[in-house]
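Geometric and topological summary
So the chains spell out like this:
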Amino acid sequence: MTAPAPDDKWKLKPHPSIPKPDKPLLVVVLDGWGEGTHNDDFNAIHKADTPCMDSLKEGAPQRWRLLKAHGTAVGLPTDDDMGNSEVGHNALGAGQVVDQGARLCDKALESHRLWDLDGWKYLAPAAQAGTLHLIGLLSDGGVHSRYDQLLLLLTGAAERGAERLRVHCLTDGRDVEDGTSVQYMQRLQKDLATLREAAGVDAAIASGGGRMRVTMDRYESDWKIVERGWDAHVLGEAPSRFTDPVEAVEKLREPKALGGKPASDQWLEPFVIVGKDDKPVGPIEDGDAVVIFNFRADRVLELSRAFEYEKFDKFERKRHPKVRFAGLMQYDGEEKLPKHFLVPPPDIERTTGEYLARGCCVPTYACSESQKIGHVSFFWNGNRGQPFNSLETWHEVPSDKNIPFNEKPEMKSREIADLGKEALRSGKFDGGQVRLNFPNPDMVGHTGDLEATIVACTAVDKCVKELLDEVEAVGGRWLVTADHGNAEDMVQRDKKTGTPLREADGRPRPLTAHTLNPVPVVIGGPGLPDSVRFREDLPNAGLANVGPTILNLLGYEAPPHMVPTLLA
Ligand SMILES: O=C(O)[C@H](O)COP(=O)(O)O
Ligand SMILES: [Mn+2]
Ligand SMILES: [Mn+2]
């Protein structure tokens, strides 16, 4: 295939002092690798064997620094919001801080503008004549959804003629403390009772299940997860049927064996709520309205396809109701999926990837395993599901299916490292970028299993060492960073003192969620002129500053709309 010709619109000026490399720039994202404030037994990175990352931190202080990876630095509503992969990779790749989904939805709900937009106007007739179904993650995590937004959607719809409302809840335990599914169900039951009372509507919880087992798969890692959700939410079919949603999660959490651990909220089996007549209270029927109330794309794109497309072969839908379907946001702007949405998504334009592909015409190789391939491609390129052109190669290593990743903490890090080394050696990406994401610190961190996360961080550090050695051998350059914290803090702590919190029996209370900690960024490589180092006048730099820095490391000046480079 002939290489695309440079498009003048996307050309970048050569960097005044950093020559274009004739070898690749390696970019490594260690997913969930934060810089902890507590170097104690619950900091899996501190406890892991990490000679490579330690040496990078000690070796070249002018080429190692911390970056903000949470809150407003990555476009989230407040600085109490933890970072996450979506906003993190968006910022890294775009070199800009954009208002992210959570914030855009907050604004549209607070101003009531949401109800005047096309998305609601499309849903309204079906919401008023039929049942309005809301499907999404039930928690305050603020990573995929947020409880208060669900409540505003319910009350707003009821005020605008929706008389029958059904909520299909995925339980969390990943972005919030495990076990809180019970409280969230109780809270929703109470709020729905108030809504029934105040607005005289018929509102109820209709189905649910654990987010890692039901509905919220991503990057087509395991369509069975979506199928379980389809059966429960749409068909009203699940192995477990309950009349009471709180009892449902309590029972499904019960330890399998006497004295065993309760089941994680993340992995609860699907359930359907039935009435006294033992019939499901809220299957989805022709003429209904359906809205997914997650604002984040990756874990609801597959369910969206199942609702949106006549032609569908990923699992047997058995019945495909004719509904008016919308997302809280549009989850893929290129695929226009879903066609209808309540709030316009973040508008992430003129990203580093587009300049490099269309104007500089340098090659990019992006690789990770299924669980994070979309992070280094889709999110990195500003929520675009296709490469900009043939200069971009996206390579997915299939992840293990349907296992809690603490059972195999090395995940596919070995394969990713080997593919990265091959790409570096191949010559195919000279002058361009070899970009890798290692999911381990995050995916294993989310299980709350401290020992497994220590193994995960040790494995990843070894991979980084091998990759940097390969860059040394080929004479390239490298940048290593992360997208948010997770593994560096594996225990819930007293907010004031930082003391680890414990259960009644003294066991530490695991922290499965991301953190608000900064992340490291470090540069180097034999191809980098000795004069290149980090500037000291950007104390509040964040992930977005990595974007222009990557362009500089590739020998280009960054375009003026991006945030400042990290380089002096
Ligand atoms: O989707 C998930 O796995 C978590 O909610 C967020 O994790 P990520 O932002 O690291 O993907
Ligand atoms: Mn992440
Ligand atoms: Mn995560």
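Remember, predicted model here, so these are calculated numbers, not experimental data. All residue numbers here refer to positions counted from 1 along the written sequence of the relevant chain. Here the convention is simple: chains get letters from A, ligands get numbers from 1, in the order in which they are written. Thresholds applied to this predicted model are a pLDDT of at least 70 for local features of residues and 80 or more for the giving and counting of side-chain atom pairs; totals over whole chains, interfaces and linings are not thresholded and use all residues. As a convention, hydrogens and water are excluded, and side-chain values are obtained from all of the structure's heavy atoms.

1. Here's the deal with the coordination of the manganese ion (ligand 2)
Six octahedral donors at a metal ideally form angles of 90 or 180 degrees, and four tetrahedral donors ideally form angles of 109.5 degrees. Protein coordination at the manganese ion (ligand 2): the donors are D31 (OD), S85 (OG), D483 (OD) and H484 (NE2), at 1.9 to 2.2 Å from the metal. A donor here means any N, O or S atom no more than 2.8 Å from the metal (3.2 Å for Na, K and Ca); water is not included, so a site may seem to lack partners. Between the donor residues of the manganese ion (ligand 2), the gaps in sequence give the motif D-x53-S-x397-D-H. The metal-metal distance between the manganese ion (ligand 2) and the manganese ion (ligand 3) comes to 4.2 Å. Of the two residues, D31 sits in the loop between β1 (25-30) and α1 (44-47) while H484 sits in the loop between β14 (477-482) and β15 (519-524), which places them 453 residues apart along the sequence. Accessibility classification places D31 together with H484 in one group, the buried group. Counting from the N terminus, the helices are DSSP H or I runs at least four residues long and the strands are E runs at least two residues long. Under the scheme applied here, a residue whose accessible area is under 20% of the maximum for its type counts as buried, over 50% as exposed, and between as partly exposed, the area being computed with a 1.4 Å probe on protein chains only.

2. Thoughts on empty space enclosed by the protein
Note on definitions: the grid is 1 Å and covers protein atoms alone; a cavity is a set of points where a 1.4 Å probe fits but cannot get out; a pocket is an open set with protein on both sides within 12 Å along at least five of seven lines; lining residues have an atom within 4 Å of a point. Grid points are joined across faces, edges and corners, and a volume is the space filled by probe spheres set on the points. In the structure shown here, the tally under the stated rule is three cavities of 30 Å³ or more. Space inside the largest cavity adds up to approximately 120 Å³. As for the largest cavity, its lining consists of 14 residues, and the residues nearest its centre are M212, D217, I225, Q371 and N402. Lys, Arg, Asp and Glu make up the charged group, whereas Ala, Val, Leu, Ile, Met, Phe, Trp, Tyr, Cys and Pro make up the nonpolar group; the residues left over, Gly among them, are polar. For the lining of the largest cavity, the residue count by class is six nonpolar, three polar and five charged. Computed from the structure, the second largest cavity encloses a volume of approximately 70 Å³.

3. So, unusual backbone geometry
A cis amide bond, omega -5°, links L337 with the succeeding residue P338. Tracing the sequence through the fold places P338 in the loop between β9 (324-329) and β10 (341-343). Backbone geometry at K336 places phi at a positive 50°, although glycine is not the residue there. Mapped onto the elements, K336 comes out in the loop between β9 and β10. With phi around 55°, C361 is a residue other than glycine that occupies positive phi space. Here C361 is to be found in the loop between α11 (352-359) and β11 (364-369).

4. Some thoughts on the nonpolar core
The nonpolar side chains of soluble globular proteins are, as a tendency, buried together. The nonpolar core is taken to be a set of buried Ala, Val, Leu, Ile, Met, Phe, Trp, Tyr and Cys residues, with the residues joined through side-chain atoms within 4.5 Å. Ranked by internal contacts, the top residues of the largest apolar core, which has 85 residues, are L132, L188, F307 and L328. Shared between two domains, this core takes at least three residues from each, and those domains are domain 1 (34-99 + 348-492 + 506-553) and domain 2 (102-343). L26, A44, L356 and A423 belong to the second-largest nonpolar core, a separate cluster that totals 78 residues. For each domain, the first and last residues come from an automatic or database assignment.

5. As for the UniProt feature "binding site: Mn(2+) 2" (unreviewed entry) in the chain
UniProt positions are given in the numbering used here, feature names are shortened, and annotations may be inferred rather than shown by experiment. The UniProt record annotates "binding site: Mn(2+) 2" (unreviewed entry) at D31, S85, D483 and H484. A maximum C-alpha distance of 7.6 Å is found for the annotated residues, which run over 454 residues; spatially they form one tight group. For the second largest cavity, the lining residues drawn from the annotated set are S85. We classify D31 as buried; its relative accessible area is 0%. Each polar contact in these results corresponds to two N or O atoms within 3.5 Å; when the atoms are within protein, one needs to be able to donate a hydrogen and the other to accept it, and residues that are neighboring in sequence are counted only if both atoms are side-chain atoms. Here the side chain of D31 touches S85 through a polar contact of 3.3 Å, side chain to side chain. Turning to its location among the elements, D483 is positioned in the loop between β14 and β15.

6. Here we look at the site of ligand 1
Residues are counted as near a molecule or strand when any one of their heavy atoms sits within 4 Å of it. The environment of ligand 1 is formed by 17 residues, the closest being S85, H144, D175, R218 and R299. A distance of 2.8 Å is found between an oxygen atom of ligand 1 and a side-chain nitrogen or oxygen belonging to D175. Bound to the protein, ligand 1 loses 100% of the 300 Å² it would expose on its own. A pocket or cavity is taken to hold a molecule when more than half of that molecule's atoms are within 2 Å of the pocket's grid points. A molecule is said to occupy a pocket when more than half its atoms come within 2 Å of that pocket's grid points, and by this definition ligand 1 occupies the second largest cavity. Grouping the amino acids of the shell around ligand 1 by side-chain chemistry returns one nonpolar, seven polar and nine charged. Both domains that furnish three or more residues to the shell around ligand 1 are identified here as domain 1 (34-99 + 348-492 + 506-553) and domain 2 (102-343). The accessible surface values rely on the Shrake-Rupley method and a 1.4 Å probe; as for residues, cover is taken only from the protein chains in view.

7. Things to note about the coordination of the manganese ion (ligand 3)
Summarising the metal site, the manganese ion (ligand 3) is bound by the protein donors D442 (OD), D442 (OD), H446 (NE2) and H514 (NE2), whose distances to it range over 2.1 to 2.4 Å. Donor angles set the geometry label: tetrahedral for four donors if every angle is between 85 and 135 degrees, square planar for four and octahedral for six if opposite donors exceed 155 degrees and the others are between 65 and 115, irregular for anything else. Each of the six donor atoms around the manganese ion (ligand 3) contributes to a set of angles spanning 57 to 170°, which defines the coordination as irregular. If you list the donors of the manganese ion (ligand 3) from N- to C-terminus, the spacing comes out as D-x3-H-x67-H. A relative accessible area of 8% means that H514 is categorised as buried.

8. Here we look at the sheet that holds strand β5 (residues 202-210)
Following DSSP output, two strands are said to pair if at least two bridges run between them. The eight strands are arranged β6-β7-β5-β4-β3-β8-β9-β10 in an open sheet whose pairing can be described as mixed. Of all strands in the sheet, those with a lone pairing partner are β6 (240-242) and β10, marking the two edges. In this sheet, adjacent strand axes meet at a mean angle of 20° when their direction is disregarded. Taken together, the four bridges between strand β8 (residues 289-292) and β9 define a ladder with parallel strand orientation. Counted as the bridge partner of A289 is R324 from β9. The angle between two axes is taken between their N-to-C directions and runs from 0 to 180 degrees, where each axis is a line fitted to C-alpha atoms and a helix contributes only its stretch in contact.

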